[in-house]
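Now for the letters of each chain:
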Amino acid sequence: MIPRLLNVEYKPAWQSILAQAVKSTDELLRLLEIDPASPGILPLARDFPLRVPRGYISRMAKGDINDPLLRQVLPLQDEMQEGNGYLPDPLDEQHSMQVPGLLQKYKGRALLTTTGACAVHCRYCFRRNFPYNEANPATDNWEQTINWIKQNPDIKEIILSGGDPLSLTDSRLQTLSDRLGELPHLHTLRIHTRLPIVLPERIDDGFLSWVGSQKQHIVMVVHCNHPHEIDASVSKAMIRLKHAGVTLLNQSVLLRGINDTAATLIRLSETLFSAGVLPYYLHQLDRVRGAAHFEVSDTTAIGLMEEVRAALPGYLVPRLVRELPGEPGKTELPGRNS
Ligand SMILES: *Cc1c(COP(=O)(O)O)cnc(C)c1O
Ligand code: SF4
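Residues numbered from 1 in each chain as written. Chains lettered and ligands numbered in written order. Predicted model: local features only at pLDDT ≥ 70, side-chain atom pairs only at ≥ 80, totals over all residues. Heavy atoms only, no water.

Attention shifts here to the overall build of the protein. Across its full length, the protein carries 11 helices and 10 strands. In terms of overall dimensions, the protein is globule-like: its C-alpha atoms have a radius of gyration of 20 Å, near the 20 Å expected for 338 residues. Within the protein, the fraction of its 338 residues that count as buried is 53%. Considering only contacts within the protein whose residues lie at least 6 apart along the sequence, 82% involve residues at least 24 apart. Working note: accessible area of the protein is about 15900 Å², and carbon and sulfur atoms make up 52% of it. (Helix = DSSP H or I, 4+ residues; strand = E, 2+ residues; numbered from the N terminus. Rg over C-alpha atoms; globule rule 2.2 N^0.38 Å. Buried < 20%, exposed > 50% of the residue type's maximum accessible area, 1.4 Å probe, protein only. Contact = heavy atoms within 4.5 Å. Areas by Shrake-Rupley, 256 points an atom, 1.4 Å probe, with all protein chains shown as cover.)

The structure is reproduced here in C-alpha cells:
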C-alpha cells in the first residue's frame, strides 16, 4: 500500500522561509534588541504593512535603529508627511498599460507585472499604491498579453516585474514561459527581482532547471542598495545563476541615510562585482507619497557620482537615472544641457 504521506504536495524550502517572514514591527525590533517605543516609529503601517524575511534581518546590526538595512523596511512616522509633488502614481503608469498588467513605455521592450507579491516591503517603493488586483494578467492564462505581443513584433524583450516575479512558484513561471516561448521575435527574458538578495534560498535546483530550459537569453536585474545586503548566501546564489548562464545586473535606489555617501556606493559596486554582478542603474527616487524623507537632491547625487567615477573602473559605475513620464527611456543625470 502506498502511504498517504506521498500525496502531500511537495513545497520547496523557500516557500516556507517566505511564509515565516516577520510581519510585525514589534517582533522585528525585539529581534534587533531595539526598544519598540523608540521615537519616530510608526507602529501600524496599514496601507503597506511591514514584511521582512528573517535571513535579511540577520544581516542587520543589533541595537542600531539607523542600520541601513533596517531603515529600508521600518515604517517611520516620517511616512505621514505630505511631500510636495509626491503622488500615489508618480509615473502615471495606469496610462501606459496596453492590456492588464502590460506596460510599454520604451521601444522594443515591455514590462509585465506578474504578481503583486514581494518577499520584502521596501518603504520607498514606487509601487506601494499600485492596483495589482485589477492588473492581474494571469487570470486569462496570459491570453491578452500573448496576443498583444504577437501583434507587436518589434518587442524583443519582455521584462518580468511586479511585485516580485520570483515570488511566483516555478510551475507558474513555467506556464508563463511556455506561452512566451510561442513568440519567435522574443530574444530576451529579463527578470527584475529583489528575491535573490532578500531570500537567496529562492535560487534552488528547481529554479535553476527552469533557467536551463529557457530558449531566450535570461537577464536578471537584482535590486540591492547597500553592501551589507550581500552575505555568503547571496554570493552563492549569484554564482549559481552565473554558472547557469544568466546575465546579472543590479539596480539600486539612492536613499537618504542609507546609501548616500560615495564610500557606501563604491563599496556596493565592489561587493556586487565580487558576487558576479555588474551595477546597472542608480535610480533617483520616484516621488511616491510616503517616501519624501528618502529624497537625495540631484545636486548631491551628481556630486556623489563624480566621486564614484573617480574611484572605480567604468564598468563598476552605475548610470544615475530618473524616470520621467512620457520620456522614451530613463533620463540620465546630469542631463545633456547641464
Ligand atoms: C525601466 C523600464 C524598462 C526598462 O528600461 P531599460 O532602460 O531597458 O532598463 C522598460 N519598461 C518600463 C515600463 C520601465 O519602467
Ligand atoms: S521588492 Fe521591489 S517591488 Fe517589492 S516592495 Fe521592494 S522595491 Fe517594491
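Read on, since the account is not over.
Below, the discussion takes up the pairing of strand 4 (residues 157–161). By the criterion of burial, strand 4 is predominantly enclosed, with 5 of the 5 residues buried. Residues Glu 157, Ile 159 and Ser 161 of strand 4 are buried on one face, and the alternating residues Ile 158 and Leu 160, pointing to the opposite face, are buried as well. Sheet topology note: the strand 3 (residues 109–113)/strand 4 ladder contains 5 bridges and is parallel. If you follow Thr 113 over to strand 4, its bridge partner there is Ser 161. Pairing of strand 4 with strand 5 (residues 188–193) involves 4 bridges; the strand directions are parallel. Within strand 5, the residue paired with Ile 159 across the bridge is Arg 190. Remark: the strand 4/helix 6 (residues 170–180)/strand 5 crossover connection has right-handed handedness. (Pairing = 2+ DSSP bridges. Right-handed = clockwise from strand over helix to strand, strands pointing away.)

Looking now at helix 5 (residues 143–150). Along helix 5, the positions that sit buried rather than exposed are Thr 145, Ile 146, Trp 148 and Ile 149. Take helix 5 and look down its axis: the buried residues cluster within an arc of 160°, on one side only. (Arc of directions from axis to C-beta.)

Now for the site of ligand 2. Near ligand 2 the following residues occur: Cys 118, Val 120, Cys 122, Cys 125, Gly 163, Arg 194 and His 223. Across the shell around ligand 2, the residue classes tally to 4 nonpolar, 2 polar and 1 charged. (Near = heavy atom within 4 Å. Nonpolar A, V, L, I, M, F, W, Y, C, P; charged D, E, K, R; others polar.)

Another aspect to go through is the site of ligand 1. The immediate surroundings of ligand 1 are formed by Lys 105, Tyr 106, Arg 109, Leu 111, Ile 159, Arg 190, Tyr 280, Tyr 281, Glu 323 and Lys 330. Between Arg 190 and ligand 1, the recorded distance is 2.8 Å, taken from a side-chain N or O atom to an oxygen atom. Here ligand 1 has 390 Å² of accessible area as a free molecule, and 93% of this is covered by the chains. Where the shell around ligand 1 is concerned, the elements lending two or more residues are strand 2 (102–106), strand 3 and strand 8 (278–283). (Polar contact = N/O pair within 3.5 Å; in protein donor to acceptor, adjacent residues only side chain to side chain.)

Here we come to the pairing of strand 5. Most of strand 5 sits out of view: 6 of its 6 residues are buried. Taking every second residue as pointing to the same face, both faces of strand 5 are buried, with Thr 188, Arg 190 and His 192 on one and Leu 189, Ile 191 and Thr 193 on the other. Pairing between strand 5 and strand 6 (residues 217–223): 6 bridges, direction parallel. Of the residues in strand 6, the one forming a bridge with Leu 189 is Ile 218.

Relative to the helices and strands, Leu 333 resides in the segment after strand 10 (331–332). C-alpha of Leu 333 to C-alpha of His 283: the two residues are 50 residues apart in sequence and 9.8 Å apart in space. The residues contacting Leu 333, other than those within four sequence positions of it, are Gln 284, Asp 298, Ile 302 and Leu 320.

Sheets are built from strands that pair by backbone hydrogen bonding, the pairs being arranged parallel or antiparallel. An order of 1-2-3-4-5-6-7-8-9-10 is seen for the 10 strands of this open sheet, with the pairing classed as mixed. Two strands in the sheet have a free side with no partner beyond their single neighbour: strand 1 (97–99) and strand 10. Where strand 1 and strand 2 come together, 2 bridges link them in antiparallel fashion. Bridge assignment links Met 97 to a residue of strand 2, and that residue is Leu 103.

Next up on the list: the packing of aromatic side chains. Throughout the structure, instances matching the rule amount to 4 aromatic pairs. Taken together, a centroid distance of 5.6 Å and an interplanar angle of 55° make the contact between Phe 273 and Tyr 315 tilted. Within this pair, whereas Phe 273 is found in helix 10 (residues 262–274), its partner Tyr 315 is found in the loop between helix 11 (298–311) and strand 9 (319–322), the two being separated by 42 residues in sequence. Classification of Tyr 315 as partly exposed rests on a relative accessible area of 48%. Ring centres of Tyr 280 and Tyr 281 lie 4.0 Å apart, and the angle between their planes is 25°; this geometry places the pair in the stacked category. Each member of the pair Tyr 280 and Tyr 281 is classed as buried. (Phe/Tyr/Trp six-rings, centres within 6.5 Å; stacked < 30°, edge-to-face > 60°.)

We now examine helix 9 (residues 232–243). Compared with an ideal rise of 1.5 Å per residue, which puts 12 residues at 16 Å, helix 9 spans 16 Å between its outermost C-alpha atoms and is within 8% of the ideal. If you follow the buried residues of helix 9, they end up packed against helix 7 (195–198), helix 8 (205–212), strand 6 and strand 7 (247–253). Just downstream of helix 9 lies Gly 245, where phi reads positive at about 90°. (Expected span 1.5 Å × (residues − 1).)

Turning to the pattern of salt bridges, a few remarks are in order. Considering all chains together, one arrives at 14 salt bridges under this definition. Ionic pairing is found between Arg 54 and Glu 27, a salt bridge with its closest N-O pair at 3.1 Å. A residue pair is termed long-range when its members are at least 10 positions apart, and Arg 54 in helix 3 (residues 54–57) and Glu 27 in helix 2 (residues 25–31) qualify at 27 residues. A relative accessible area of 38% places Arg 54 in the partly exposed class. Classification of Glu 27 as partly exposed rests on a relative accessible area of 24%. Close ionic contact of Arg 179 with Glu 143 constitutes a salt bridge, the shortest N to O distance being 2.7 Å. Residue Arg 179 is found in helix 6, and its partner Glu 143 is found in helix 5; the two are separated by 36 residues along the sequence. Residue Arg 179 is classed as buried on the basis of its relative accessible area, which comes to 11%. (Salt bridge = Lys/Arg side-chain N within 4 Å of Asp/Glu carboxyl O.)

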